[in-house]
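# A look at the structure
Residues per chain, in single letters:
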Amino acid sequence: MNYILVSRGDDYSNKVKLDLINHLNKFGFINIEDKISKNNKDISLDYVFSIGGDGTFLRSVQSFYSFNPLFITINTGNFGYLCEYKKEDYLKSLTDLKKRDINYRLVSLLKCEVNRYIENNNNTYKKEEYYAVNEFRIHSSNGSTLKFDIFIDDTFFETLKGDGCVIASSIGSSGIAKSLKGALIDNEIELLEFIESAPISNNGYTSLSSPFVLSKEKVFIFNNFSSSSFNIYYDSEAIEIKDFNKKDFIKILLSDTKIRLLHNKEKNYIERTSSMFIR
């Protein structure tokens, strides 16, 4: 079975990485770190060990989700809310991995489509696709107010004026969404959460000004941007949008693409939430 390990790079994470390599080699697993790259789709990758925190896990997903491996998440930092195994019991991940019936959970990825209108080509669109675990965030690139229209399932919802907005998954509700006063949602529920970022509010204009939780089937469309330049942030990545015209649009939805996470049955979600966010 082929595997790679992605370390945060600090001394402790690297120590855990070396220890895991020694154990995995004894079990007959093959380390293919020197053979695989994000663009090499011809090689088989069975397991990705993420050793660090939530950021390390998100970077691991961005690099290797297309190989459809099983992700094993080990927290070697202080937070690591998304990680299944603590630094004290990281070897338990190998025990769970060796079981005949591997216990894993499926997590649907968010998808963002940036659709660019192509003139003089039968009115077609060029589409770029991006995937994320946590959220996509549309944000002004120069600090000025960004205005754009929002449709949900082809129905006009609102014209937003502000810094931008966030579309988060239930897993992503513990990240940037929470910092914007969004709801913290049980990550076993699949849904979408829409949150405005610093919307304008005065006598002449008001927006929803509240987090909006919707079913997983909903599809968001964003168009009619007041600026041709803005940014889209997602997980550990960023997209710089330029020359966006009135016929271009952005679509965000919960995709059919899923990742597999090795599940630690001893992890208590409620207890972990309490310890992470309440003191």
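Description of the structure in this document. Bear in mind the structure is a predicted one, so any value in this text is a computation, not a measurement.

The tendency in soluble globular proteins is for nonpolar side chains to be buried as a group. Core analysis: the biggest nonpolar cluster contains 30 residues, and Ile138, Phe220, Phe222, Ile232 and Ile250 have the highest contact counts within it. Of the residues forming this core, the biggest block, 4 residues, is contributed by strand β8 (residues 146-152). In contact with Phe220, other than residues within four places in its own chain, are Ile150, Phe151, Ile152, Ile167, Leu192, Phe194, Leu214, Ile250, Lys251 and Ile252. Counting 23 residues, the second largest nonpolar core, distinct from the first, contains Val61, Phe71, Leu82 and Leu261.

As a further point, take the environment of Asp10. If you trace the backbone, Asp10 turns up in the loop between β1 (2-7) and α1 (11-26). Judged by its relative accessible area of 26%, Asp10 falls in the partly exposed class. Counting along the chain gives 41 residues from Asp10 to Ile51, while the straight-line C-alpha distance between them is 9.9 Å. Engagement of the side chain of Asp10 in a polar contact is seen with the side chain of Arg8, the distance being 2.9 Å. Within the structure, the side chain of Asp10 is placed 2.6 Å from the side chain of Ser13, a separation counted as a polar contact.

Attention shifts here to the packing of aromatic side chains. On inspection of all chains with the given rule, the structure shows 24 aromatic pairs. Aromatic pair Tyr130 and Tyr234: ring centres 5.7 Å apart, planes at 55 degrees, arrangement tilted. Taken together, the residues Tyr130 in strand β6 (residues 124-132) and Tyr234 in strand β14 (residues 230-234) connect sequence positions 104 residues apart. Ring plane angle 90 degrees and centroid distance 5.4 Å describe the contact between Phe225 and Phe244, whose orientation is recorded as edge-to-face. Placement of Phe225 in the loop between β13 (219-223) and β14 and of Phe244 in the loop between β15 (237-241) and β16 (249-262) is noted, with a sequence separation of 19 residues between them. For Phe225, a relative accessible area of 4% corresponds to the buried category. Three or more aromatic residues joined by ring pairs make a cluster, and in this case those are Phe148, Phe157, Phe194, Phe212, Phe220, Phe222, Phe225, Phe230 and Phe244.

For the coordinates displayed, the defined rule picks out 13 salt bridges. A salt bridge links Glu113 to Lys127; the nearest nitrogen and oxygen atoms lie 3.9 Å apart. Placement of the pair is Glu113 in strand β5 (residues 104-118) and Lys127 in strand β6, with a sequence separation of 14 residues. The exposure class of Glu113 is buried, given its relative accessible area of 7%. A salt bridge links Lys127 to Glu129; the nearest nitrogen and oxygen atoms lie 3.5 Å apart.

It is worth spelling out the sheet that holds strand β10 (residues 164-168) at this point. Taking strand neighbours across the sheet as the criterion, the 6 strands line up as β12-β11-β10-β7-β14-β15 in an open arrangement whose pairing is antiparallel. Each having just a single partner strand, β12 (212-215) and β15 make up the two edges of the open sheet. On average, each strand axis in the sheet is tilted by 15 degrees relative to the strand beside it, whichever way the strands run. Here β14 runs beside β15; their pairing, made up of 5 bridges, is antiparallel. The residue bridging Tyr234 from the neighbouring strand is Glu237, located in β15.

Inspection of the entire model under this criterion finds 0 disulfides. Cys112 takes part in no disulfide bond, and the closest cysteine sulfur to it belongs to Cys165, at a distance of 10 Å. For Cys112, a relative accessible area of 0% corresponds to the buried category.

The next thing to look at is α1. Relative to the 22 Å expected for 16 residues at 1.5 Å per residue, α1 spans 23 Å between its end C-alpha atoms, a close match to the ideal helical length. Those residues of α1 lying buried are Ser13, Val16, Lys17, Leu20, Ile21 and Leu24. For α1, the arc enclosing every buried residue in end-on projection is 140 degrees, short of the 170-degree limit, so these residues lie on one face. Those residues of α1 that are exposed and angled more than 90 degrees off the buried face are Asp11, Lys15, Leu18 and Lys26. Those residues of α1 that are buried are in contact with β1, β2 (30-31), β3 (47-52), β4 (70-75) and α3 (92-97). Residue Asp10 occupies the N-cap position of α1, its side-chain oxygen lying 3.2 Å from the main-chain nitrogen of Tyr12. Just downstream of α1, Gly28 is the residue with a positive phi angle, here 90 degrees.

A few words now on the environment of Leu180. Tracing the backbone shows Leu180 in the loop between α4 (176-179) and β11 (191-197). Taking relative accessible area as the criterion, Leu180 reaches 26% and is therefore assigned partly exposed.

Calculation criteria
Residues numbered from 1 in each chain as written. Predicted model: local features only at pLDDT ≥ 70, side-chain atom pairs only at ≥ 80, totals over all residues. Heavy atoms only, no water. Core = buried A, V, L, I, M, F, W, Y, C linked by side-chain atoms within 4.5 Å. Buried < 20%, exposed > 50% of the residue type's maximum accessible area, 1.4 Å probe, protein only. Helix = DSSP H or I, 4+ residues; strand = E, 2+ residues; numbered from the N terminus. Contact = heavy atoms within 4.5 Å. Polar contact = N/O pair within 3.5 Å; in protein donor to acceptor, adjacent residues only side chain to side chain. Phe/Tyr/Trp six-rings, centres within 6.5 Å; stacked < 30°, edge-to-face > 60°. Salt bridge = Lys/Arg side-chain N within 4 Å of Asp/Glu carboxyl O. Pairing = 2+ DSSP bridges. Axes fitted to C-alpha atoms, helices over the stretch in contact; angles between N-to-C directions. Disulfide = S-S within 2.5 Å. Expected span 1.5 Å × (residues − 1). Arc of directions from axis to C-beta.

Function cannot be read off these values alone, since they describe shape.
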